[in-house]
Amino acid sequence: MGQPIESSLPNRNRRRWLLGSGCLAAAGLISLTRKSQAAGGKLRVGMTPAFLHDQHRMLGEWRAFMAASLQRPVEFVQRDSYRETMDLLRLEKLEFAWICDYPYLHLKDTVRLLAVPLYQGRPHYRSYLIVRKSDTRTRSIADLSDSVFAYADPYSNTGYLAPRYEIRQSGHDPAGFFRKTFFTWSHRKVVEAVASGLAQGGAVDSYIWDTLAFVEPTLTARTRVVWRSPEYGFPPFVAHRSVASADFQLMQRHLLDTSRSEAGRRLLGLLHLDGFTIGSPTLYEGVARMMRSFGEA
């Protein structure tokens, strides 16, 4: 039998071989650790502010329900902007996230579509253009030229991309259309800005406005919806592409089965949703088309 590989090498090459072997062993250990975490470790779920602003108690119930169903520790990770949640996904600091359709398309090489919520029985929602209730003149976004306008977030479809696309379709440049624009960083705050007169108009997620109309009607009653966009695919749940297949299937099955239990139906009622479906990337073709019109992939 021949000598062991390391003993047959010159001293300098032997050191290199041992160093290389050590690196490979460390890489293997890291890989095994990740697999071990995937097999039973904590699952981190990103939540952007667009959906659940100021509903901490409900988030606590949802996290507990999810952990019990998955039989795994679950951490909900909330951030104040879409970009922060997108960055966490890129850095592999989240396994799953509920994100807007616009960020989903930006992250299409980083994440996989996991499930799509059903809102009013369908996996769709719209952008609403809103003004103050006392504004009886405005009929479309064209009437808001040279006004102050509130956007939700630069990575929001309904709160930024869709209204800018509508301005462009009307033959104007979104960059100079309004006298002043600002970001509120949540759809609820867009409603508040318009209701208070801080902005003459704003663009919001129909799901958020409709939900607020149910839980806080005195706020939405101070605004008026003057335009509804075409339907878009509802903001999806996604999984990072590094998530193990078993964990992907576990979370997907959990979401799809939420409506099957009494506790799940109660949670869906709090969320004003009907359930979840697997969905398809084709749901988001309309958003992708708007992105391309602005030179985005």
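Not measured: the values here are computed from a predicted model.

## Section: the packing of helix α3 (residues 56-70) against helix α12 (residues 262-271)
Step number 1: α12 packs onto α3 with a crossing angle of 150 degrees between their chain directions and a minimal axis gap of 11 Å. On the basis of the axis angle, α3 is roughly antiparallel to α12. Here the hand of the crossing between α3 and α12 comes out left-handed. Contacts from Met58, Glu61, Trp62 and Phe65 in α3 reach Ala263, Gly264, Arg266, Leu267, Leu270 and Leu271 in α12.
Step number 2: Split by residue class, the contact of α3 with α12 holds seven nonpolar, one polar and two charged.

## Let's talk about unusual backbone geometry
Step number 1: Here the phi dihedral of glutamine 71 falls at roughly 55 degrees; this positive angle occurs in a residue that is not glycine.
Step number 2: Within the element layout of this structure, glutamine 71 appears in the loop between α3 and β2 (74-78).
Step number 3: Since its relative accessible area comes to 71%, glutamine 71 is described here as exposed.

## Regarding helix α6 (residues 157-169)
Step number 1: In this model, α6 (13 residues) spans only 16 Å end to end at C-alpha, well below the 18 Å of a helix rising 1.5 Å per residue.
Step number 2: For α6, a buried count of 10 out of 13 residues is recorded, marking the element as mostly surrounded by other parts of the structure.
Step number 3: Along α6, the residues that are buried comprise Asn157, Thr158, Gly159, Tyr160, Leu161, Ala162, Pro163, Arg164, Tyr165 and Ile167.
Step number 4: Its side-chain oxygen 2.8 Å from the backbone nitrogen of glycine 159, serine 156 forms the N-cap of α6.
Step number 5: Immediately downstream of α6, the backbone of glycine 171 shows phi near 95 degrees, a positive value.

## Here's the deal with the packing of aromatic side chains
Step number 1: In the structure shown here, the tally under the stated rule is 21 aromatic pairs.
Step number 2: Seen in terms of ring centroids, phenylalanine 149 and phenylalanine 178 are 4.4 Å apart; in terms of plane orientation they differ by 15 degrees. Their pairing is stacked. Of the two residues, phenylalanine 149 is situated in strand β7 (residues 148-151) and phenylalanine 178 in the loop between α7 (174-177) and β8 (180-183); the sequence distance between them amounts to 29 residues.
Step number 3: On the accessibility criterion, phenylalanine 149 (0% relative accessible area) is buried.
Step number 4: Take phenylalanine 178: its relative accessible area is 8%, and that puts it in the buried class.
Step number 5: An aromatic cluster is built from Phe149, Tyr151, Tyr160, Phe177, Phe178, Phe183 and Trp185, whose rings are joined through pairwise contacts.
Step number 6: Residue placement shows arginine 112 over the ring face of phenylalanine 248; its charged tip is 3.8 Å from the ring centre.

## Thoughts on the pattern of salt bridges
Step number 1: Scanning all chains against the criterion turns up 12 salt bridges.
Step number 2: The closest approach of N and O atoms between arginine 188 and glutamate 192, which form a salt bridge, is 2.9 Å. One end of the pair is arginine 188 and the other is glutamate 192, both in helix α8 (residues 187-196) and four residues apart, which spans about a single turn.
Step number 3: Several salt bridges share partner residues, and in doing so they unite Arg83, Asp87 and Arg90 into one network.

Cut-offs and rules
- Residues numbered from 1 in each chain as written.
- Predicted model: local features only at pLDDT ≥ 70, side-chain atom pairs only at ≥ 80, totals over all residues.
- Heavy atoms only, no water.
- Axes fitted to C-alpha atoms, helices over the stretch in contact; angles between N-to-C directions.
- Helix = DSSP H or I, 4+ residues; strand = E, 2+ residues; numbered from the N terminus.
- Parallel < 35°, antiparallel > 145°, perpendicular 65-115°, else oblique.
- Left-handed = near helix turned anticlockwise from the far one by under 90°.
- Contact = heavy atoms within 4.5 Å.
- Nonpolar A, V, L, I, M, F, W, Y, C, P; charged D, E, K, R; others polar.
- Buried < 20%, exposed > 50% of the residue type's maximum accessible area, 1.4 Å probe, protein only.
- Expected span 1.5 Å × (residues − 1).
- Polar contact = N/O pair within 3.5 Å; in protein donor to acceptor, adjacent residues only side chain to side chain.
- Phe/Tyr/Trp six-rings, centres within 6.5 Å; stacked < 30°, edge-to-face > 60°.
- Lys NZ or Arg CZ within 6 Å of the ring centre and 35° of its normal.
- Salt bridge = Lys/Arg side-chain N within 4 Å of Asp/Glu carboxyl O.

The analysis is restricted to geometry; functional conclusions fall outside its scope.
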